[in-house]
Amino acid sequence: MQIFKYVKKLQERVAEQRKAGKQIGFVPTMGALHQGHIALIERAAAENDYVVCSIFVNPTQFNDASDLVKYPRTINADLAKLYAAGCSAVFVPTVAEIYPKNAAPTPVVDFEQLMEVLEGVHRPGHFDGMVQVVHRLLDIARPDNLYMGQKDYQQQAIIRHMLKAIASEIKLTTCKTVRENDGLAMSSRNTRLTEAQRAIAPTIHATLTSVAEKIGEQSIQDIEAWATEQLTKKGFVVDYFSIVDGESLQSIESFEAADTVVVATAAYLGDIRLIDNLIL
Ligand code: AMP
């Protein structure tokens with residue numbers, strides 16, 4: 001496994017691989033890696049000859065400055081996990097390397113309403129920063145295949161839309177959410193939970209799961225209100241708990257109104273914001 005700090009060196013190495021007819025897989029991350037990230041690397045390694053993982057805590061996607069400062073950084077442990085998972089190259093650039101003055105501009109894409117709902121309402125500018133960095137990283141790594149997690153459902157929906165809009169040949173594979181035994185979705189932010197908060201945190205998954213049992217019994221709005229109340233009673237401060245069309249991410253009136261229905265939530269425990277979702 002090689003470690004790259006500079007765009008040029010990584011590009012040279014990837015170009016050599018491509019010239020040799022190798023298939024390139026790419027997994028963008030912000031580090032503090034856990035089994036959720038590693039599952040993406042393993043999938044990429046199974047489906048490609050050469051796997052690039054980026055570790056870059058992207059400042060432009062943090063709408064909350066203290067969240068950026070507190071974001072966990074565990075580079076040595078990350079490298080050991082990537083090596084064990086079969087990663088070929090790790091890209092650990094500086095901010096200046098990712099955002100030089102002459103970087104290709106982020107394409108102007110009509111994201112329709114995808115950015116204006118769910119996370120977009122509560123994290124202004126977050127998706128603009130996320131699209132900017134993913135586009136830049138893809139422009140650097142030029143992979144055949146891109147791997148992202150269902151955990152960030154809206155994120156992968158936005159990138160899927162972008163790839164289609166710019167007629168990219170990169171194939172996006174969304175991998176299912178990896179969870180702790182008690183259902184809590186693995187997240188780098190979980191390491192910041194206190195013991196008491198960690199004990200409450202699985203309520204998110206339990207509440208998402210209960211929605212499936214209520215289909216047909218209650219209206220969508222009533223289910224959303226019920227779920228918000230369940231989480232609030234446990235001590236969460238809920239940003240949203242929404243049942244949406246899995247493609248447009250817009251609210252739906254009934255479960256029959258969309259081919260794919262997704263239930264998504266974001267809620268705070270103290271100052272730690274957790275997100276999760278289920279495809280119903
Ligand atoms: P992050 O480092 O949080 O930006 O995440 C990097 C990638 O890992 C994103 O595509 C995430 O959706 C994905 N990811 C994060 N947590 C999980 C998880 N628990 N299961 C599957 N994928 C995940």
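Calculation notes
- Residues numbered from 1 in each chain as written.
- Predicted model: local features only at pLDDT ≥ 70, side-chain atom pairs only at ≥ 80, totals over all residues.
- Heavy atoms only, no water.
- Near = heavy atom within 4 Å.
- Polar contact = N/O pair within 3.5 Å; in protein donor to acceptor, adjacent residues only side chain to side chain.
- Areas by Shrake-Rupley, 256 points an atom, 1.4 Å probe, with all protein chains shown as cover.
- Helix = DSSP H or I, 4+ residues; strand = E, 2+ residues; numbered from the N terminus.
- Nonpolar A, V, L, I, M, F, W, Y, C, P; charged D, E, K, R; others polar.
- Domains from an automatic or database assignment.
- Contact = heavy atoms within 4.5 Å.
- Buried area = accessible area lost by both parts, 1.4 Å probe.
- Salt bridge = Lys/Arg side-chain N within 4 Å of Asp/Glu carboxyl O.
- 1 Å grid on protein atoms, 1.4 Å probe; cavity = no way out; pocket = protein on both sides within 12 Å on 5 of 7 lines; lining within 4 Å.
- Points joined across faces, edges and corners; volume = space filled by probe spheres on them.
- Core = buried A, V, L, I, M, F, W, Y, C linked by side-chain atoms within 4.5 Å.
- Buried < 20%, exposed > 50% of the residue type's maximum accessible area, 1.4 Å probe, protein only.

A.B. asks: Which parts of the structure should I look at to understand the site of the ligand?
C.D. replies: Residues in close proximity to the ligand total 17 residues, the closest being Met30, Gly149, Asp152, Val178 and Met186. Contact between the ligand and Asp152: an oxygen atom at 2.7 Å from a side-chain N or O atom of the residue. Here the ligand, which alone exposes 490 Å², has 93% of that area covered by the protein. Per-element tally for the shell around the ligand: the top contributor is helix 2 (residues 35–47), with 3 residues. Residue composition of the shell around the ligand, grouped by class: 7 nonpolar, 7 polar and 3 charged.

A.B. asks: I'm lost on the domain arrangement of the chain in this one. Help?
C.D. replies: Put simply, an interface is often sized by how much accessible area is lost when its parts join up. In terms of domain boundaries, the chain breaks down into domain 1 (2–175) and domain 2 (188–275). Measuring from the centre of the C-alpha atoms in domain 1 to the corresponding centre in domain 2 gives 26 Å. On the domain 2 side, the residues contacting the 21 residues of domain 1 number 20 residues. For the pair domain 1 and domain 2, the two sides together bury roughly 1700 Å², of which 55% comes from carbon and sulfur. Per-residue buried area on domain 1 facing domain 2 is highest for Leu118, His122 and Tyr153; these three make up 34% of the total on that side. One can count 3 salt bridges joining domain 1 with domain 2. Notably, a salt bridge pairs Asp67 with Arg189, separated by 2.9 Å at the nearest N-O pair. Of all the secondary-structure elements, those providing two or more residues to the side of domain 1 that touches domain 2 are helix 3 (65–70), helix 6 (119–122) and helix 8 (153–165). In terms of residue count, the dominant contributor to the side of domain 1 that touches domain 2 is helix 8 (3 residues). For the side of domain 1 that touches domain 2, the class distribution of residues is 9 nonpolar, 6 polar and 6 charged.

A.B. asks: Quick question: what am I supposed to make of the layout of surface pockets here?
C.D. replies: It is a probe the size of a water molecule, rolled over the atoms, that shows where empty space is left. When its volume is computed, the second largest pocket comes out at roughly 340 Å³. Sorting elements by how many residues they give to the lining of the second largest pocket places helix 8 first, with 6 residues. For the lining of the second largest pocket, the per-class residue count stands at 3 nonpolar, 7 polar and 4 charged. Looking at which domains feed residues into the lining of the second largest pocket, each of domain 1 (2–175) and domain 2 (188–275) supplies at least three.

A.B. asks: Explain empty space enclosed by the protein here, please?
C.D. replies: Summed over all chains, the structure comprises 1 cavity of 30 Å³ or more. Looking at the largest cavity, its volume works out to about 40 Å³. Around the largest cavity, the lining residues are Lys151, Leu184, Ala185, Ser187, Asn190, Ile204, Leu274, Ile275 and Asp276. The leading source of residues in the lining of the largest cavity is strand 9 (residues 272–279), at 3 residues. Of the residues that constitute the lining of the largest cavity, the class distribution is 5 nonpolar, 2 polar and 2 charged.

A.B. asks: Before we go on, may I ask you to explain the nonpolar core in this structure?
C.D. replies: Generally speaking, soluble globular proteins have nonpolar side chains that are buried together. Membership of the largest hydrophobic core comes to 44 residues, with the highest contact counts inside it found for Leu146 and Ile159. At 9 residues, the largest contribution of residues to this core is made by helix 7 (residues 126–141). Formed jointly, this core draws a minimum of three residues from each of two domains, domain 1 (2–175) and domain 2 (188–275). With sequence-adjacent residues up to four places away left out, Ile159 is seen in contact with Met130, Val131, Val134, Leu146, Met148 and Leu172.

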